[in-house]
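A structural walkthrough
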2 protein chains.
Amino acid sequence: MDAAPSHETIGRLSRYRRLLTQRLESGSESIYSHELAAVAGVSAAQVRRDMMSVGANGSPISGYDIAALIACVGAELDDPNGARAALVGVGNLGRSILTFFQGRRPNLSIVAAFDAAAAKAGRVICGCRCYLMDDLPKIVAEEKITVGVIAVPQTSAQAVASSLEDAGVRGILNFAPATLQVGPGTFEEDIDMTMALERVAYFAGRNS
Amino acid sequence: MDAAPSHETIGRLSRYRRLLTQRLESGSESIYSHELAAVAGVSAAQVRRDMMSVGANGSPISGYDIAALIACVGAELDDPNGARAALVGVGNLGRSILTFFQGRRPNLSIVAAFDAAAAKAGRVICGCRCYLMDDLPKIVAEEKITVGVIAVPQTSAQAVASSLEDAGVRGILNFAPATLQVGPGTFEEDIDMTMALERVAYFAGRNS
């Protein structure tokens, strides 16, 4: 891509890749833009624009070759050296995040976990080595970590975000119910699972 | 509230409650609208409007009583009979969702899990009884389930959503990377954790 792609474009490419990988695993070899568009919830024209932007070309007759599409999307999305992430907060939420992401993508892995509780330091929890918060700057540098995942209570989330930034992390995925202040060079995204479930429950109650 | 509250309003109320509960647990008894606004990432005027809409009044001198605020928000958000949810898909993601939500809120619980694999039926997994998909309509009715949480692969997500709707579920929280078609009487929300992490990793790589 020439211009820097937007937040939305990167999200779509990530989603396309997962949908395409599932399609490939289920035995298909090619796909039409309108088919991918239907499962991704976007227009076929949008799919074609996005695919052109990563250098993938389809044919009106046979569609796109799925394996080739996945490779083009991967060349755009993935750091060739692999992205290395750190999780902070190894409570119930942190453990479920580790369980979910472990081994999910070869080039994106959570390589270290941090917790304020000294009892967790040195242990391997859900497949990930756990360290004390004090060791964060050292481990982030040694392990070449560029992504931080925050799963601490709201009251400590901002301090953790600042520690991650100070250590050189430039992308933060925040699961804490807090609004974080980060510098202009850091990308930050929030996921609030409790809020989402409460909202669904609320409207389900109204609709039942 | 007189008019039906919006998606955004319900999200904010849910977030306020969690922030307020943490504040109460850390020993505070009262809070000013501007303090709650700062951690929730909204304006103080928005906090005051939202609180007025659930019948909570603060004082310019002493702020809001936190316990009273939590009660007012709960009266708006919570079904007095408690909301009962079903999880569909007891793989890695489903297990992490069960682990995360079990026992989190007294009036919102995942009371049944469903999976296509017969080997899981009858077992208790992460604290939740697991059933076969065929039993979904019967269990949803018996257990008075109004909320469905989808954690199956993309290829089966739409069929699961339709089964949940047919069984009477009116709110769906979807973790599958699929765009679901639901009827106008059903509220549906998506959470795509892999997309979020990939996006953060992408921008972190650009910023590092």
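Every value quoted in this text rests on a predicted model; they were computed, and no experiment measured them.

Procedures and definitions
- Position numbers for residues start from 1 in each chain and track the written sequence from start to end.
- Lettering for chains starts from A, numbering for ligands starts from 1, and both go in the order in which the items are written.
- Local features are withheld for residues below a pLDDT of 70 in this predicted model, meaning they are given only at 70 or higher, and side-chain atom pairs are given and counted only at 80 or more; totals for whole chains, interfaces and linings count all residues.
- What fixes the domain bounds is an automatic or database domain assignment.
- Axis lines are fitted through C-alpha atoms, for helices just across the contact stretch, and the angle between N-to-C directions can take any value from 0 to 180 degrees.
- Secondary structure elements are defined from DSSP: runs of H or I of at least 4 residues count as helices, runs of E of at least 2 residues count as strands, and each element is numbered from the N terminus.
- Between 65 and 115 degrees an angle is taken as roughly perpendicular, under 35 as roughly parallel, over 145 as roughly antiparallel, and anywhere else as oblique.
- Whether two residues are in contact is decided by their C-beta atoms, placed from the backbone, lying within 7 Å.
- In this comparison the copies share one frame, found by least squares on the C-alpha atoms of residues holding pLDDT of at least 70 in both.
- Each residue gets one label: Ala, Val, Leu, Ile, Met, Phe, Trp, Tyr, Cys and Pro are nonpolar, Asp, Glu, Lys and Arg are charged, and the others, such as Gly, are polar.
- With C-beta atoms placed from the backbone, a residue is labelled by how many other C-beta atoms lie within 10 Å of its own: buried for 20 or more, exposed for 12 or fewer, partly exposed between the two.
- By definition, two strands form a pair when at least two bridges between them are found by DSSP.
- One fewer than the residue count of a helix, multiplied by 1.5 Å, yields its expected span.

**Regarding the domain arrangement of chain A**
It is common to report an interface's size as the accessible area lost on association of the parts. By the assigned domains, chain A splits into domain 1 (7-75) and domain 2 (83-196). In this structure, domain 1 of chain A and domain 2 of chain A have C-alpha centres spaced 31 Å apart.

**Points about the packing of helix α2 (residues 33-40) of chain A against helix α3 (residues 44-53) of chain A**
Residues and elements named next belong to chain A. The interhelical angle for the contact between α2 and α3, taken along N-to-C directions, is 105°, at an axis separation of 8 Å. On the basis of their axis angle, the class for α2 and α3 is roughly perpendicular. Contacts between α2 and α3 involve Ser33, His34, Leu36, Ala37 and Ala40 on the former and, on the latter, Ala44, Gln46, Val47 and Arg48.

**Things to note about the relation of the copies chain A and chain B**
Between the two copies, chain A and chain B, the superposition gives an RMSD of 0.0 Å; the rotation angle is 180° and the shift along the axis is 0.0 Å. In symmetry terms, the pair is related by a two-fold rotation axis. The C-alpha atom lying nearest the rotation axis in chain A is that of Ser96(A); the distance is 2.2 Å. Both copies present the same face, since 100% of the interface residues in chain A are matched by interface residues at the equivalent positions in chain B.

**Notes on the environment of Ile139(A)**
Residue and element names in this part refer to chain A. With respect to the element layout, Ile139 can be found in helix α6 (residues 136-142). Remark: the alpha-carbon pair of Ile139 and Ala67, spanning 72 residues in sequence, is separated by 36 Å. Those residues in contact with Ile139, other than ones at most four positions away along the chain, are Ala112 and Tyr131.

**Topic: the packing of helix α1 (residues 7-25) of chain B against helix α2 (residues 33-40) of chain B**
Helix-helix packing is described using two parameters, namely the angle between the two axes and the distance between the axes. Residues and elements named next belong to chain B. Running from N to C, α1 and α2 cross one another at 105°; their axes reach a closest spacing of 10 Å. With respect to their mutual orientation, α1 and α2 come out roughly perpendicular. Facing Arg12, Arg15, Tyr16 and Leu19 of α1, the residues of α2 in contact are Leu36, Val39 and Ala40. Taken together, the residues of the contact of α1 with α2 break down into five nonpolar, no polar and two charged.

**Considering the pairing of strand β3 (residues 83-88) of chain A**
Residues and elements named next belong to chain A. With six of six residues buried, β3 is to be regarded as a mostly interior element. Neither face of β3 is open: one carries Ala83, Ala85 and Leu87, the other Arg84, Ala86 and Val88, and all of them are buried. Across six bridges, β3 lies against strand β4 (residues 108-115) in parallel orientation. Note on β4: the bridge partner recorded for Ala85 is Ile110. As defined by bridge partners, β3 adjoins strand β7 (residues 147-150) across four bridges and the pair is classed as parallel. Bridging across to β7, Val88 finds its partner in Ile150.

**A few points about unusual backbone geometry**
Of note, the phi angle at Cys126(A) is positive, near 50°, even though the residue is not glycine. Looking at where Cys126(A) falls in the secondary structure, it is placed in the loop between β5 (124-125) and β6 (128-132).

**What about the sheet that holds strand β5 (residues 124-125) of chain B?**
All names here are of chain B. Reading across from one edge, β5-β6-β4-β3-β7-β8-β9 is the order of the seven strands in this open sheet, with mixed pairing throughout. Two strands in the sheet have a free side with no partner beyond their single neighbour: β5 and β9 (187-190). Contacts between helix α5 (residues 92-101) and the sheet are confined to β3 (83-88), β4 (108-115), β5, β6 (128-132) and β7 (147-150), with β4 contributing the most and set at about 160° to the helix. Lying over the sheet, helix α7 (residues 154-167) contacts β3, β7 and β8 (171-174), oriented at roughly 170° with respect to β7.

**Structural notes on the interface of chain A and chain B**
Opposite the 57 residues of chain A that make contact, chain B presents 57 residues. When contributions to the side of chain A that touches chain B are tallied by element, the ones reaching two or more residues are α1 (7-25), α2, α5 (92-101), α7 (154-166), β8 (171-174), β9 (187-190) and α8 (193-207) of chain A. Top contributing element to the side of chain A that touches chain B by residue count: α8(A), with 14 residues.

**Here we look at α1(B)**
Residue and element names in this part refer to chain B. With 19 residues, α1 extends 28 Å from end C-alpha to end C-alpha; this agrees with the ideal 27 Å at 1.5 Å per step. If you check which residues of α1 are buried, you get Thr9, Ile10, Arg12, Leu13, Ser14, Arg15, Tyr16, Arg17, Arg18, Leu19, Leu20 and Arg23. Among the residues trailing α1, Gly27 stands out with phi positive, at a value near 105°.

**Structural notes on the sheet that holds β8(A)**
Ordered by their spatial adjacency, seven strands build an open sheet running β5-β6-β4-β3-β7-β8-β9 (chain A), and the pairing between neighbours is mixed. Two strands bound the open sheet, and with one partner strand each, they are β5 and β9 of chain A. As defined by bridge partners, β8(A) adjoins β9(A) across four bridges and the pair is classed as parallel. Each residue of the ladder has a partner; that of Leu173(A), found in β9(A), is Glu189(A). Sheet contacts for α7(A): β3, β7 and β8 of chain A; angle to β7(A), the most-contacted strand, approximately 170°. Across the sheet, helix α8 (residues 193-207) of chain B touches β3, β4, β7, β8 and β9 of chain A, and the angle it forms with β8(A) is around 160°.

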